[in-house]
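# Descriptive structure summary
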Amino acid sequence: MRRPPRALVLLAALAASFFAVPLAALAWRAPWASLPEVLTTEVVGSALRISLVSSLAASALSAFLGLPLAWVLARVPFPGRSVLRALVTLPLVLPPVVGGVALLLALGRLGLVGRALESFFGVTLFGTLPGVIVAETFVAMPFLVLTVEGALKGLDPRYEDAAATLGASRGLVFWKITLPLAAPSVAAGAVLAWARALGEFGATITFAGNLPGETQTMPIAVYTALLRDVDAAIVLSLVLVAVSLLVLVTLRERWAPQA
Amino acid sequence: MSLEARVRARAGSLALDADVRAAAGETVVLVGPNGAGKTTLLRVLAGLLPLSAGRVTLDGEVLEDPAARRRLPPERRSIGFVFQDYVLFPHLSVLDNVAFGLRARGCSKDQARAEAQEWLERMGIASYASERPRVLSGGQAQKVALARALATRPRLLLLDEPLAALDAGARAEVRRELKASLGRFDGVRLVVTHDPVEAMALADRVLVLEDGKVAQEGTPSELSAHPRSSYIAELVGLNLWRGRGLGDRVRLDSGGEMLVSHAPVGEVYAALHPRAVSLYRRPAEGSPRNVWSGRIAGLEGEGGRVRVRVEGSIPVVAEVTPAAVAELSLIEGEEIWVSIKATEVSVYPA
């Protein structure tokens, strides 16, 4: 291969260091000695638990609701389909805090739907774990929907045709043919949604609040800690970095053969 | 047992308008150029595309009749479909591919697998039962697709280009086995192909589809003797002209006249085998009276014979031996004399 242009290599190195230096700084400033101590405090433990539970639940909820939505977008032609697709994509570009405000107006105690939820079912989302899950699902589900919709569109429709000619009802075709064939992208979409939910901050703090032990997720705990105790913020950040790296490495194993 | 279908349907820019009748135990082969609507016709019969008008009846049961608002969905029609490229389910084992239809129709898992196993044994591919379809060769995949379609015991079997995915070496043997398998199936058989050899080998009757319409229908021998379209003529390797019969000659629509032994008066086809066309360097003398000159537009070698396309007042294809090509030193673009015997031209009403 010919030697690559020097300017390109320099700019690439600059970009790489742009990602590497902050991480290195984090590691450099970390209070490694007091690490076990900070990690075992109540605040960190509960934030980690809330983050894991809510992000996994948000990912599962995204798959449960997003899969049918992706199927409809990919397979059912109807007027307004592109409008619906734009609506689903919106949370990707919307600042999460705006999403949180919108959720508050819809599902908050005095919101459009929230008021009914509270008076008829006694369900309150603000300040509760379900509220965290709703906020995270709002920003995470688009990743799953778009991933799965793309996969369904790329699927040869004749697999479904063949199953139908063999006597399979539409429901059976979906469960036995469509879903298994789309499974790898459903898994990929769910992981993307999970990663997005794990890092969620803006919508969650706006919609569910910042109650330690109730709605305080890891990112929110990092932000809160930063205001009083920088060392705790660094440790929490390191935990998030570790979890994210773990996911990336696992995913690489899965995706490497296809790449 | 029989299929009766009056099919009027639209798919994209194609307007399908074709009547298909077939009896049980009969193999009807649909041929036609790309985009003629062959696959569309199969999809309509299977219920994968709706009829806009017409009626499809299988063994007296109305499958679809838009006028009566009747339409059975594909899963409730007793039809087996072998798709082009076979479309085996990649996530299921070969055995479960074949068992799929039986499972979908309510068989228990054990019974479906046992029956599927029997089908694989009948097809001679039982050793692949637990493999995934991707390890199969084209010929094996075709057998699995056929077994999968036959396992539900359909009354109508549709095959879309069943041999197109195979390489030329495997094709002859798979075709022989396919013909044997089709012979054992006692329902109606409908095969789509664009390969003339395949059509002639498999068909009891051939249906020529052109631009969504049936251009000609008949036994393979009827078709090869009396083609009614340039597509069929080319399919069976004949020269075909259309013109007006005038008793002892035909005035060709494309210009020029051809002397023949007998031509009915009126619109006719004149067909001629390329072997009956003679080529000369100089104007020929003697009995042939159909003599004209033209320019060699193309030479195509094919299994010990060479097809020579000559453009001139009457365009014609001649078939000669490679030795004759050398002897006459035939070169593209050069002038050549063509002669044909009147008695060799077959003339029949259009």
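What you see is a predicted model, and the numbers here were worked out from it, not measured in a lab.

For the rest of this paragraph, the subject is the pattern of salt bridges. Residues and elements named next belong to chain B. By the definition in use, this model includes 30 salt bridges over all chains. Residue R77 is joined to E64 by a salt bridge in which the shortest nitrogen-to-oxygen separation is 2.7 Å. With R77 in the loop between strand 6 (70-71) and strand 7 (79-82) and E64 in strand 5 (residues 61-65), this pair connects stretches of sequence that are 13 residues apart. A cluster of three or more residues bridged by salt bridges with shared partners is formed by D248, R249, R251 and E257.

Residue and element names in this part refer to chain A. It is at 7 Å that the axes of helix 4 (residues 81-93) and helix 7 (residues 129-154) come closest, and there the two elements cross at 130 degrees. Considering their axes alone, helix 4 and helix 7 lie oblique with respect to each other. Seen from above, helix 4 lies across helix 7 with left-handed handedness. Residues R85, V88, T89, P91 and L92 of helix 4 form the contact with helix 7, whose own contacting residues are F138, V139, P142, F143, V145, L146, E149 and K153.

Strand pairing in a sheet takes place through backbone hydrogen bonds and is either antiparallel or parallel in direction. All names here are of chain B. Here five strands make up an open sheet; going across it, the order is 14-18-15-16-17 and the pairing antiparallel. Each edge of the open sheet carries a strand with a single partner, namely strand 14 (277-280) and strand 17 (316-320). Strand-to-strand twist across the sheet, computed as the mean angle between neighbouring axes with direction ignored, equals 45 degrees. Pairing of strand 16 (residues 305-312) with strand 17 involves five bridges; the strand directions are antiparallel. By the bridge assignment, V308 is partnered in strand 17 with A318.

A few words on the packing of helix 7 of chain A against helix 9 (residues 170-198) of chain A. The angle between the axes and the distance between the axes are what describe a pair of packed helices. Residues and elements named next belong to chain A. Running from N to C, helix 7 and helix 9 cross one another at 150 degrees; their axes reach a closest spacing of 8 Å. Regarding the angle of helix 7 to helix 9, the classification is roughly antiparallel. Two packed elements cross with a definite hand, and for helix 7 against helix 9 that hand is right-handed. Residues E136, V139, A140, F143, L144, T147, V148, A151 and L152 of helix 7 lie in contact with helix 9, whose contacting residues are T178, A182, S185, V186, G189, A190, L192, A193, R196 and A197. When its residues are assigned to classes, the contact of helix 7 with helix 9 shows 13 nonpolar, four polar and two charged.

Moving on, we come to the packing of aromatic side chains. Residues and elements named next belong to chain A. Enumeration according to the criterion identifies seven aromatic pairs over all chains in this entry. Both rings, one in F18 and one in F19, keep their centres 5.6 Å apart while their planes meet at 65 degrees; by these two values the pair is edge-to-face. In this structure, F18 and F19 share a single accessibility class: exposed. Within the aromatic cluster, the residues linked to one another by ring pairs are W71, F174 and W175.

In this complex, chain B contributes 22 residues to the contact, which on the side of chain A involves 17 residues. Here chain B and chain A share an interface that buries about 1700 Å² over both sides, 70% of which is from carbon and sulfur atoms. Broken down residue by residue, the surface that chain B buries against chain A is led by E75, H91 and F100 of chain B, which jointly contribute 31%. Taken together, chain B and chain A are joined by two salt bridges. Linking D85 of chain B and R158 of chain A is a salt bridge whose minimum nitrogen-to-oxygen distance equals 3.5 Å. The interface formed by chain B and chain A includes six residue pairs in polar contact (both at pLDDT 80 or more). Among the secondary structure elements, those contributing two or more residues to the side of chain B that touches chain A are helix 1 (38-46), strand 7, helix 2 (94-104) and helix 4 (138-150) of chain B. Among the elements that take part in the side of chain B that touches chain A, helix 2 of chain B stands out by supplying three residues, more than any other.

The next point concerns the pairing of strand 17 of chain B. Successive residues of a regular strand alternate their side chains across the two faces of the sheet. Of all five residues that make up strand 17 of chain B, five are buried, and the element is covered over most of its length. Of the two faces of strand 17 of chain B, the one carrying V316, A318 and V320 of chain B and the one carrying V317 and E319 of chain B are both buried.

Further remarks concern the layout of surface pockets. Taking a probe equal in size to a water molecule and rolling it over the atoms shows the remaining empty space. In this structure, the largest pocket encloses a volume near 590 Å³. The wall of the largest pocket is formed by 22 residues, among which E160, D161, A164 and R170 of chain A together with L48 of chain B lie closest to the centre. Counting only elements with at least two residues in the lining of the largest pocket, the list comes to helix 3 (42-75), helix 8 (158-165) and helix 9 of chain A. If one sorts the elements of the lining of the largest pocket by residue count, helix 9 of chain A sits on top with four residues. Classifying every residue of the lining of the largest pocket by side-chain character gives twelve nonpolar, three polar and seven charged. Taken as a whole, the second largest pocket holds about 460 Å³ of empty space. Of all the secondary structure elements, the ones that give two or more residues to the lining of the second largest pocket are helix 8 (230-235), strand 12 (239-252), strand 15 (290-302), strand 16 and strand 17 of chain B. Among the elements that make up the lining of the second largest pocket, the one with the highest residue count is strand 16 of chain B (five residues).

In this section: the side chain of K143 of chain B. Residues and elements named next belong to chain B. Note that K143 resides in helix 4. Side-chain polar atoms of K143 contact the side chain of E177, separated by 3.0 Å. Contacts of K143, omitting those with residues within four sequence positions, involve M123, I125 and E177.

The rules behind each value
- Residues numbered from 1 in each chain as written.
- Chains lettered and ligands numbered in written order.
- Predicted model: local features only at pLDDT ≥ 70, side-chain atom pairs only at ≥ 80, totals over all residues.
- Heavy atoms only, no water.
- Salt bridge = Lys/Arg side-chain N within 4 Å of Asp/Glu carboxyl O.
- Helix = DSSP H or I, 4+ residues; strand = E, 2+ residues; numbered from the N terminus.
- Axes fitted to C-alpha atoms, helices over the stretch in contact; angles between N-to-C directions.
- Parallel < 35°, antiparallel > 145°, perpendicular 65-115°, else oblique.
- Left-handed = near helix turned anticlockwise from the far one by under 90°.
- Contact = heavy atoms within 4.5 Å.
- Pairing = 2+ DSSP bridges.
- Nonpolar A, V, L, I, M, F, W, Y, C, P; charged D, E, K, R; others polar.
- Phe/Tyr/Trp six-rings, centres within 6.5 Å; stacked < 30°, edge-to-face > 60°.
- Buried < 20%, exposed > 50% of the residue type's maximum accessible area, 1.4 Å probe, protein only.
- Buried area = accessible area lost by both parts, 1.4 Å probe.
- Polar contact = N/O pair within 3.5 Å; in protein donor to acceptor, adjacent residues only side chain to side chain.
- 1 Å grid on protein atoms, 1.4 Å probe; cavity = no way out; pocket = protein on both sides within 12 Å on 5 of 7 lines; lining within 4 Å.
- Points joined across faces, edges and corners; volume = space filled by probe spheres on them.

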